[in-house]
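Coordinate inspection notes
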Amino acid sequence: MAIPDYKLSSVLCGHSMDVRCVATTKEFCILSASRDRTAKLWHPEGVKDFVNVVTYKGHSNFVSCVCWLPPCEAFPEGLVITGSNDNTILGYNLQDGVVQINLKGHENAVCSVSPGHDFGVLISSSWDNTARVWNLNTPQMSPVILKGHEAAVWAALELRNGTLATASADKTIKLWRKDGALLSTLTGHTDCVRGLTVASEDSFLSCSNDASIRLWTNRGECLNTYYGHTNYIYSISMNPGIPQGFVSCGEDGAVRVWAAGDCVRSLRLPAHSVWSLTCLDNGDIVTGSSDGLVRVFTKDPARYADETMLKQFEEEVQKMQAASQQEIGGFKLSELPGPEALLEPGKSDGQTKLVRRGENVKCYSWSNAENTWNEIGDVMGANPPSEGKTMYQGKEYDFVFSVDIKDGAPPIKLPFNKTEDPWVAAQAFIHKNDLPQVYLEQVANFIITNAKLDSLPATSNGFADPFTGESRYVPGATAPAGLPPPSAADPFTGAGAYTTASAAGAADKPLVPHDAYIRFDQANLKAIHDKLKEFNSKVGDGLNAFTDEQIENIVKLGELNCKFNTETVNLLKKMLEWPKEILFPVLDITRLAVRNKEINGQIFDTSYGPNFVKYLLTLLTPGNLAANQMLAMRVLVNAFSDLPGEMLVLAARESVTHALICLAQLNNNAQVAATSLLLNLSVALAQQIDNVELAECIIVLLNKITDKEAYFRGLVALGTILAESPNKLVIQTKIVSNTQLQNRLKKDSSTFDPDFKKISICSLQILKML
C-alpha cells in the first residue's frame, strides 16, 4: 500500500486560546471548541478553504468538547452540542447559534460529548467520575448515570453492538448496558485513558497517557497494542481515506497516521499540544491545538496549501523542534509535561513540578491547604551563572542567604538581587514560606545589612497582592480612608501596622467600638495595567478585546479623583465578563474604582448592581481561585465608600455572612479581606436589632483565623457590635459559650504579644464588656 503523503491544506484562525476539541458535521463542515469559551462552525469554501460562519456563545468557562447531534424528533434540524468547564452542556441551532437546551447535572467539567445510535440520545462524560446518557426527545426525564470510575471520565461513546464504553483517569475502560448496569472493567493501560473511537462493527480503539493505543473487541478482549507517540496521546479517530486506517495526536505535538496497525506517517505541528483531531469523509485530517488554531491536512495534491504557506509552516515546525531541544535545568523542553500535568493533585505539601507553557517553563508548588498548584515562577536555562552570581532554582542572584527561622529546622534560602527592593523581597520570602507577617521588618533589615546596600528604599508595610515578580504590589504607608494617619498609630494598616510600636499609645484610646468604614486603597496601577494588557490578548471573540487606549482609561478609574466618562465604566463592566481564570486584575481595578462616588453609583445602580453583587458572591464559593475570592471581598469592602454600594452590600448581608462562613483554607490576604468586610458590616449594623447573625459569623471566623492582622480586625468587628447592639445580652452569651474564643480572649488579654500588642488590648476591652 502506498504511504499517504499528508501536507497542510488550510489553517483556520479565529479562536484566541487553545482549541480543545474538533468534530465534523454534515457537508464537510468543521466544529471547534476552545478555551476562549466559544465554539465555531467552519463551512467549506472553494477547493480547500473554510470560513467561520457561526460562533456559539453561552458558556461561562472553557468549552472543552463539541459534537454534532443528528436530527431527531425534538430537534428536526439537529443540534451543535458543547460541554464546558462550567459543568453544563448546551445545544445550539446549527445555523444561527441560538441555545435550544441547557443540560445540568454534572458536578465538574464536562470533557466529552458524543451522539448515541438512537436519534436524540447524547452521551457525556465528566471530571465528576461519571458519564451520563441523555434522551433529548424527553428532556424532562433524568439521564442514566454511569457511575463506577474512581477518577475523571475523559471519554464515553456507544459501540456498534449498543454497549456503552467509558475511558477514565483511573487507567481503566468500563463497558456498560444502556440501563447503566456495569458489564466489565478493562485493564491494560498504565496511565490515564484519554480517548475512544469505534474501529469496526465489533471493535474499538483507546489511547492513553501511557503513549500507547490499544485495539479491543466489543466484549473487552485486547487484540493489539500500538506504539509510536513519545508522550501523552489525547485523541484518536478513524480515517475513512485509508483502509483500516486511523490517526492520533498528543502532547508530543505530532499527528500520527496509522494503517493496518503500523504508523506510516508522522506530521509535526508548530504547537506543543495537539489536543484533538477528527477526519472528514474525504480522509482529510482536522486538528485543534494549544496555539489556538484549527488545521486541515490532506493527501490530495489538489488541496495542498500554496508553496508560501507550506514553507512558512515548515519553518514554524523547525523553530518549535529547535526550541524543544533546549535544556531547562538538565531536562529537554520536549520532555517536560504540559499544563495537563497540573490536573493531577500533588502527593505532598510543597512538592514542585516543572511544566512547559509555550516556549517557557514554569515551576509550580503543591499546597495541601489550598488543594491546588501555585505558580512559583519562571525557570531559566541551565547555563552556568555569571561571574559573581549564584544560581538558585534556575535563576541568577547576587546573594542567596540561609535564614534560620526555627531551632532544629533547616535554614530557608532567601535569594536577592541588588536591583530589588529589599522590602519587596522580604514580603515575597514571607509569603512563599508562610511566615508570620510580623517578620517583615526583621527580614528586610537582614537583607539590607547582609547585602550591604548603599541606600535604603522606603519601608513598605502591608501585604502582597496576586501579581508576582517585578509587578508585585508594593503597598505604601498611607492609611486607609476612614482611619487615622500613620502618625496616630493606625491600628489596621499604615506605618505602624506590623511594628511593636504600633500600639504604644493605643491603650489610652479604646479600639472598640469602631465608628468608620475602612477600605483598601493601596495599589500598583502599573502592575494592574500590564496584567490587563497580557490577559486582553487571551480573551476570545466571544468576549470583548480592548484597545490599548481603552485599557489605559479603565486603569485610570483606579485613581481616586479620576476624570472619566460613562463609556469607560461600561467598558469595565464588559471586562468583568472575562473568564474567572484571568479575572483578578479586573476585580482589583474595580475595587479601586468604586471608591469614587460617581463610579460607585454606576456600578451599584439598580440595573447592574444587584446582579454584580450576586456575581461577587459566586466568586466566594469553595473551589474558586484564591485571588478572586480575596479581591471579591475587597470590592465588597470598598463598596461602602458611597451609599449605593453600601446599601446593596447591606441588602445582601445574609448571603455575605453565609459565604464567609463557608470559606475554608483562606490565605493571610483573604483572611484580612474577610474580617475587613465583617468590620464594615459591624459599623453599619452595630445598633440594628438584626445583627445577631453577623455576630455569630464573626465568632465562627475568629476561630478559623490565623493571621494576626485579620484576627485583630475580627476582634474590632466583634467588639463594635458587642458595645452597641440592642442584643448585647444574646451576643455576650454566644461569646461566653464559645469555649475556644473565650479561652483565646483570656490568653491574649493576659499575655501581651510584643509584636502585636493591639490584639491584647482589644481582647481585654471585649472581656470587660462581658
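Residues numbered from 1 in each chain as written. Predicted model: local features only at pLDDT ≥ 70, side-chain atom pairs only at ≥ 80, totals over all residues. Heavy atoms only, no water.

1. Some words on the sheet that holds strand S21 (residues 222-227)
Taken in spatial order, the four strands make up an open sheet running S18-S19-S20-S21, and their pairing is antiparallel. A single partner strand is all that each edge strand has here, and the edge strands are strand S18 (193-200) and S21. Adjacent strand axes in the sheet meet at a mean angle of 20°, parallel and antiparallel pairs treated alike. Note: S18 against strand S19 (residues 203-208), six bridges, orientation antiparallel. Bridged to Val198 within S19 is Phe204. (Pairing = 2+ DSSP bridges. Helix = DSSP H or I, 4+ residues; strand = E, 2+ residues; numbered from the N terminus. Axes fitted to C-alpha atoms, helices over the stretch in contact; angles between N-to-C directions.)

2. Regarding the packing of aromatic side chains
The relation between two aromatic rings is expressed through the spacing of the ring centres and the mutual angle of the planes. Enumeration according to the criterion identifies 14 aromatic pairs in this entry. With a centroid separation of 5.8 Å and an interplanar angle of 65°, the aromatic rings of Trp127 and Trp154 are classed as edge-to-face. Within this pair, whereas Trp127 is found in the loop between strand S11 (121-126) and strand S12 (130-135), its partner Trp154 is found in strand S14 (residues 153-158), the two being separated by 27 residues in sequence. Residue classification places Trp127 among the partly exposed residues on the basis of a relative accessible area of 25%. Overall, the relative accessible area of 12% leaves Trp154 in the buried class. Taken together, the ring pairs connect Tyr226, Phe246 and Trp258 into an aromatic cluster. Of note, Lys573 hangs over the ring of Tyr608, and the distance from its end group to the ring centre comes to 4.6 Å. (Phe/Tyr/Trp six-rings, centres within 6.5 Å; stacked < 30°, edge-to-face > 60°. Buried < 20%, exposed > 50% of the residue type's maximum accessible area, 1.4 Å probe, protein only. Lys NZ or Arg CZ within 6 Å of the ring centre and 35° of its normal.)

3. Concerning the pattern of salt bridges
The full count for this structure, using the stated rule, is 20 salt bridges. A salt bridge links Arg295 to Asp291, with the shortest nitrogen-to-oxygen separation between them at 2.8 Å. Of the residues examined, Asp291 reaches a relative accessible area of 32% and is grouped as partly exposed. Across the salt bridge formed by Asp530 and Lys526, the nearest N and O atoms sit 2.9 Å from each other. Of the two residues, Asp530 and Lys526 are both situated in helix H4 (residues 525-536); the distance of four residues between them amounts to about one turn of the helix. Connected through shared salt-bridge partners, Asp118, Glu158 and Lys178 make up one network. (Salt bridge = Lys/Arg side-chain N within 4 Å of Asp/Glu carboxyl O.)

4. Structural notes on the side chain of Ser725
For Ser725, the location among the structural elements is in the loop between helix H15 (708-724) and helix H16 (728-737). Taking relative accessible area as the criterion, Ser725 reaches 7% and is therefore assigned buried. Here Asn727 takes part through its backbone nitrogen, which lies 2.9 Å from a polar atom of the side chain of Ser725. Setting aside its immediate chain neighbours within four residues, Ser725 contacts Ala686, Gln688, Asn691 and Ile731. (Polar contact = N/O pair within 3.5 Å; in protein donor to acceptor, adjacent residues only side chain to side chain. Contact = heavy atoms within 4.5 Å.)

5. Digging into the side chain of Ser235
For Ser235, the location among the structural elements is in strand S22 (residues 233-239). A distance of 3.2 Å separates the side chain of Ser235 from the backbone nitrogen of Leu277, its partner in a polar contact. Those residues in contact with Ser235, other than ones at most four positions away along the chain, are Cys207, Val247, Ser248, Cys249, Trp275, Ser276 and Leu277.

6. Points about the environment of Glu251
Relative to the elements of secondary structure, Glu251 occurs in the loop between strand S23 (245-250) and strand S24 (254-259). Polar contacts involving the side chain of Glu251 include one to the side chain of Tyr234, which spans 2.7 Å.

7. Details of the nonpolar core
Core analysis: the largest hydrophobic core is formed by 92 residues, its most contacted members being Trp578, Leu660 and Leu677. For this core, the element with the most residues is helix H13 (residues 668-685), which contributes ten residues. (Core = buried A, V, L, I, M, F, W, Y, C linked by side-chain atoms within 4.5 Å.)

8. A look at the packing of helix H14 (residues 692-702) against H16
It is the contact of H14 with H16, at a shortest axis distance of 10 Å, that shows an interaxial angle of 20°. On the basis of the axis angle, H14 is roughly parallel to H16. In this structure, H14 crosses over H16, and the sense of that crossing is right-handed. Judged by residue contacts, Val692, Ala695, Glu696 and Ile699 of H14 engage Val730, Ile731, Lys734 and Ile735 from H16. (Parallel < 35°, antiparallel > 145°, perpendicular 65-115°, else oblique. Left-handed = near helix turned anticlockwise from the far one by under 90°.)

9. A short note on the pairing of S24
Within a regular beta strand, the side chains point alternately toward one face of the sheet and then the other, so they alternate between its two faces. S24 sits mainly inside the fold: six of its six residues count as buried. Residues of S24 alternate between two faces, with Ala254, Arg256 and Trp258 on one and Val255, Val257 and Ala259 on the opposite face, all of them buried. Sheet analysis places S23 next to S24, joined by five bridges and oriented antiparallel. Its bridge partner being in S24, Phe246 is matched across the sheet by Trp258. Two strands pair when backbone bridges link them, and S24 and strand S25 (residues 262-268) are joined in this way by six bridges, in the antiparallel orientation. By the bridge assignment, Ala259 is partnered in S25 with Asp262. The hairpin formed by S24 and S25 contains two residues between the paired strands, and Ala260 there has a positive phi angle of roughly 50°.

10. Side note on the confidence of the model for the chain
Overall, the prediction assigns the chain a mean pLDDT of 83, with 83% of residues at 70 or greater. Scored below 50 in pLDDT, residues 381-385 shows eleven contacts in the model against residues more than four places distant or in partner chains. This stretch, residues 455-508, has a pLDDT under 50; its non-local contacts, to residues over four places away or in other chains, come to 127 contacts. (pLDDT = per-residue confidence, 0-100.)

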